[in-house]
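# Survey of secondary and tertiary structure
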Amino acid sequence: MRISLNWLKEFVEITLSPEELAKTLTIAGFEVEEIEDRRRLADGVVVGKVVSREPHPDADKLSVCQVDIGADELSTIVCGAKNVRADIFVPVATLGTYLPTIDLKLKPTKLRGVKSSGMICSLSELGLEKDSEGIHIFEQPDLKPGMDVRPLLGLDDVVLDLTATANRADALSMVGVAREVAALTGVDVKLPEIPAMDTAPETLTITVADPVACPAYLGTVIEGVTTAPSPDWLKFRLQAAGTRPINNVVDITNYVLLEWGQPLHAFDRERLAQVAGSETVALGVRFAKAGEMLTTLDGQERKLAEKNLVITANDVPVALAGVMGGESTEVHNGTQNIVLEAALFEPVTIRRSSRAVGLRSESSTRYERGVNQVELDRAAQRAIALLQELTGGTVVQRGLTDTRPDPNARPKIPLRLQRLHEVLGHVHKDGKIFDVPLADVERILADLGCTLESTGEGVWEVAVPPYRYRDLEREIDLIEEVARLYGYDNFCDTLPSQSAAGFLSPAEKVNRQLRGSFRAIGLTEVVHYSLVKPELADIKLSNPLFVEYSALRKELLTGLIDAFAYNQSQGNGALNAFELGRVFWLDDNENYAEADYLAGILGGNLNPDGSWAVGGKGQPMSWYEAKGFLDAAFRQLGLEVSYRADTSNEKLHPGRTASLWLQGRQLGIFGQLHPQLRQEKDLIDAVYVFELKLDLLQTVLSRPSQQVPIFKAFSTYPAVTRDLAFFALLETSVADLEQAMQKTAKKLLAGVELFDEYRGEHAPEGQRSLAFSLQYRATDKTLTDEEIDPVHQKVRDALVKQFAVTLRS
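Computed from a prediction, not measured in an experiment: that's the story for all the values here.

Rules of the game
Numbers given for residues are sequential positions, taken from 1 along each chain in its written order. Totals for whole chains, interfaces and linings use every residue, but because this is a predicted model, local features are given only for residues with pLDDT of at least 70 and side-chain atom pairs only at 80 or more, for both listing and counting. Working from all heavy atoms in the structure, the side-chain values ignore hydrogens and water. Strands are runs of DSSP state E lasting at least 2 residues, helices are runs of H or I lasting at least 4, and numbering of each runs from the N terminus. Any residue under 20% of the maximum accessible area for its type is buried, any over 50% is exposed, and the rest in between are partly exposed; the area is computed with a 1.4 Å probe on protein chains only. Only heavy atoms enter the contact rule, under which two residues are in contact if any of them lie within 4.5 Å. Throughout, the Shrake-Rupley method with a 1.4 Å probe supplies accessible areas, and for residues the shown protein chains are the sole cover considered. Lys and Arg are tallied as positive, Asp and Glu as negative. Neither His nor the chain termini are counted. What makes a salt bridge here is a side-chain nitrogen of Lys or Arg within 4 Å of a carboxyl oxygen of Asp or Glu, nothing more. Between any two strands, at least two bridges found by DSSP are needed for them to pair. A helix's residues, less one, multiplied by 1.5 Å, set its expected span. Interaxial angles span 0 to 180 degrees and are taken between N-to-C directions of axes, which are lines fitted to C-alpha atoms, for helices over the stretch in contact. In this scheme, a crossing is called left-handed if the near helix is turned counterclockwise away from the far one by less than a right angle; it is called right-handed if the turn is clockwise. All residues other than Ala, Val, Leu, Ile, Met, Phe, Trp, Tyr, Cys, Pro, Asp, Glu, Lys and Arg, Gly among them, are scored as polar; the first ten of these are nonpolar and the last four charged. Each nonpolar core is a collection of buried residues, namely Ala, Val, Leu, Ile, Met, Phe, Trp, Tyr and Cys, held together in the definition by side-chain atoms within 4.5 Å. Each patch is built from residues lacking any salt bridge and having more than 30% relative accessible area; the joining distance is 9 Å for like charges and 5 Å for nonpolar side chains (Val, Leu, Ile, Met, Phe, Trp, Tyr).

Along its length, the chain carries 21 helices and 42 strands. Projecting the C-alpha coordinates of the chain onto the three principal axes gives extents of approximately 135 × 75 × 65 Å. Buried residues in the chain amount to 45% of all 809 residues. Counting only contacts in the chain whose residues sit at least 6 apart along the sequence, the fraction spanning at least 24 positions is 67%. About 42200 Å² of surface is accessible on the chain, with carbon and sulfur atoms providing 49% of the total.

Here it is as structure tokens:
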């Protein structure tokens, strides 16, 4: 916000230089980005009286003027403005003057053979307008040649370009900044005197559909206004604040917005009636209906959404509440009667409405941060008083809806001096080290407008002023205010007595271990956006930046498959990759849920450099080869993962998919992409994917038994092999058979391997022939037949009993 020091001095006494004040505000948390000394724009420019004007002898568009600038002799100045004439007072840049707006230093010169000693200036050359049609002509009385023009043009001012943090909504007003400066410099605030509210019949009908979105709405009908240019003092203040003057009615609403931080809007009453279709106008506040249109003051026709809050006249939208008024009801040069709006709107509602139409204004900026609810009536009356003074209007009608909470019902905040000292530490000041004194704490909070009630030694109940309700809510907020106003640079910058070494969390250690293992088997780590298209997800964003990224992904496989397809289409071959990421979904109770997963994708030729051995044709990766990659990673991690047939995932081949199980819990899924999906994506013949639950991996791998390897001595004795063949039902899984063998033979069984499977006419219907090689080994001796045969027979008997197999050997 641009802060005019001349304006600010009306509220608070300033003894600091602009540079010192800027430094004080910056240290206190209000960054001053620029100090604009407007006095430099017209330094050396004086009032001149054009005594005579003659045409230039050699140029039709130039005039030769004799100008009195208060010197002993008249100055001859060649001027090209059409509106120059005799007996007018004008701004004159004297010789040696530098005009920074046009980067020109005045020197004696000749224009078409005539000497010119100075320049008669326009407002654009003095930095007050972008374009000017001619030179500026002063209308003020009692002007004398040689006077400094800066007080006459509002250029005797310094402006601070101040940036307030998001929590300081009060600092978006001159009154708010004045209160802050007063607290920082220890002086009193002098707020403008506002006359008492005029009595008027409350017959203006106002209907608010949602009191939460609009807690208060005050409408005032003012008749007999005279719309005209604003007086100079009002124009100068608006220009210093970066606001273009329009007319006295609109300028007053902008003035009060800048002074009090309360947005206002003036409607032309006759235009309201015309839009409403009736002389009797009822104002309303409601959310827009789908498909409604509104042309705003910037001339843009906007399609409204249901999240837009609108002001209506007899239910016809006339303004975008808290953002911008409508073009059809704006105040114009012929306006005689107005309806002045002063309202409070809920910050989130205005933020959503503003984003929905892509429009941000000075009003919405303040409403989004929160407007002071208590001073709504004061700001409205300030505007009404100015309208009566500057336009001659009379208040004839009023309407009000008010659901604001009682400001006195706000709970007080407890503050402890001991806690303040613990948080802030010691102060180093005047060569001494001490804690912030109790008296200074009370003084600082009192300067901020807080009321303190002592409840014990160094303990207070603090009542916060209404304009600080939104950012002073807890004890730590009050402690921060004490530190801010006492001066951060006064506190000791001591280091902690002990510093702990940094460490990785168990989860992060596991994540790094997983990344290392999957990189070791040849996979590349990739990272995709968590935001996806809405049709691919359960959870949609309410305020997305782009439609293409308007939802949260519910799985990782889609991103990996798309990346694989893209790499293949670019001629880069198969992308063997993995990703660690978070997914989001709705559970059975429609509650939001999220979890981390590890997913990967595999495919392509395993030996591209040796394709000459197979006639130049690459061999697609088989299911077992892909499984081998996954098993290699599991072995590195020390995990024993089992596989079970699975058909639950529609993206995967129903006959080539397995669920993965770790310590009795489902870890994830692994399988080949479904042929239909492969065809849609135009992928190579065989592509495999896996998806693993990261929380289960973290739980298992974080255990001490997994983190610290346990050495087991290798047996120095040979293994004894026994083959076992039988017929088993087709639905009986090899994993279940192997598990049963291991459970029966216990520690003597060193390994099981399936080496043959047969299905055909020699196998019973509904069955298949399976042949296993079982290895028996002991750690302390070589096993004999007498020791192996009973165990092997137990294995045979267990298979017959549990799975009803028919033994072949």
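Before going further, it helps to examine the side chain of Arg398. Structurally, Arg398 is set in strand β23 (residues 394-402). Although Arg398 is buried, it makes no salt bridge; Glu202 carries the closest opposite charge, 5.4 Å away.

Here we take up the pairing of strand β4 (residues 59-68). Here strand β3 (residues 45-56) pairs with β4 via seven bridges, running antiparallel. When the bridges of β4 are listed, Glu54 appears paired with Val64. Between β3 and β4, which follow one another and run antiparallel, lie two residues. Between β4 and strand β5 (residues 75-79), which follow one another and run antiparallel, lie six residues, and Gly70 among them has a positive phi close to 85°.

Moving on to helix α15 (residues 557-569). The terminal C-alpha atoms of α15, which comprises 13 residues, lie 18 Å apart, in line with the 18 Å expected from a rise of 1.5 Å per residue. When we look at burial in α15, the residues that qualify are Leu557, Thr558, Leu560, Ile561, Ala563, Phe564 and Ala565. Against the buried residues of α15 lie β33 (577-586), β34 (592-603), β37 (665-673), α17 (675-680) and β38 (687-693). Gly571 sits one or two residues past α15 and shows a positive phi near 80°.

Looking now at the packing of helix α6 (residues 248-260) against helix α10 (residues 376-391). Put simply, α6 and α10 touch, their axes get as near as 10 Å, and they point 145° apart. Crossing handedness for the pair α6 and α10: right-handed. Together, Asn248, Val249, Ile252, Tyr255, Val256, Glu259 and Trp260 of α6 and Arg378, Ala379, Arg382, Ala383, Leu386, Leu387, Leu390 and Thr391 of α10 make up the contact between the two elements. Across the contact of α6 with α10, the residue classes tally to ten nonpolar, two polar and three charged.

Inspection of every chain in the model, using the stated rule, returns 47 salt bridges. A salt bridge links Arg302 to Asp298, with the nearest nitrogen and oxygen atoms 2.5 Å apart. Looking at Arg302, the relative accessible area reads 12%, which means it is buried. Asp785 is the partner of Arg722 in a salt bridge, and the nearest nitrogen-oxygen pair spans 2.9 Å. You can see Arg722 sitting in strand β39 (residues 720-729) and its partner Asp785 sitting in helix α21 (residues 785-803), a full 63 residues away along the chain.

In spatial order, the strands read β13-β16-β19-β20-β21; together these five strands make up an open sheet with mixed pairing. With partners counted over all chains shown, the strands left at the sheet margins are β13 (206-208) and β21 (324-325), one partner each. Here β13 pairs with strand β16 (residues 283-287) via three bridges, running parallel. Among the inter-strand pairings, Ile206 is bridged to a residue of β16, identified as Leu283.

As a further point, take the environment of Ala228. Looking at where Ala228 falls in the secondary structure, it is placed in the loop between β14 (216-223) and α5 (232-240). Spatially, the C-alpha atom of Ala228 lies 84 Å from that of Gln663, the residues being 435 residues apart in sequence. Among all residues touching Ala228, those that are not within four sequence positions of it are Asn247 and Asn248.

Our focus in this paragraph is the sheet that holds strand β24 (residues 413-416). Spatial strand order, β24-β28-β27: three strands in an open sheet with antiparallel pairing. A strand with exactly one partner marks an edge of an open sheet, and here the two such strands are β24 and β27 (451-456). Each neighbouring strand pair of the sheet contributes to a mean axis angle of 30°, computed without reference to strand direction. On the sheet, helix α13 (residues 475-486) packs against β24 and β28 (459-463) and is oriented at approximately 55° with respect to β24.

Judged by nonpolar contacts, the single largest core of 89 residues is most densely connected at Leu8, Tyr217, Ile311 and Phe345. If we ignore the near neighbours within four places in the chain, the residues touching Ile311 are Tyr217, Phe267, Gly284, Val285, Val316, Pro317, Val318, Ala319, Ala321, Glu341 and Phe345. If you look at the next biggest cluster of nonpolar residues, it comprises 33 residues, including Leu523, Phe578, Leu637 and Val700.

Structurally, the position occupied by Leu104 is in strand β8 (residues 104-105). Given a relative accessible area of 32%, Leu104 falls into the partly exposed group. Along the sequence, Leu104 and Gly766 sit 662 residues apart, while their C-alpha atoms lie 101 Å from each other.

Together, Tyr529, Leu545, Phe546 and Tyr549 give the surface a local cluster of nonpolar side chains, amounting to about 540 Å² of exposed area. Tracing the chain through its elements places Tyr529 in the loop between β29 (524-525) and β30 (531-532). For Tyr529, a relative accessible area of 63% puts it in the exposed group.

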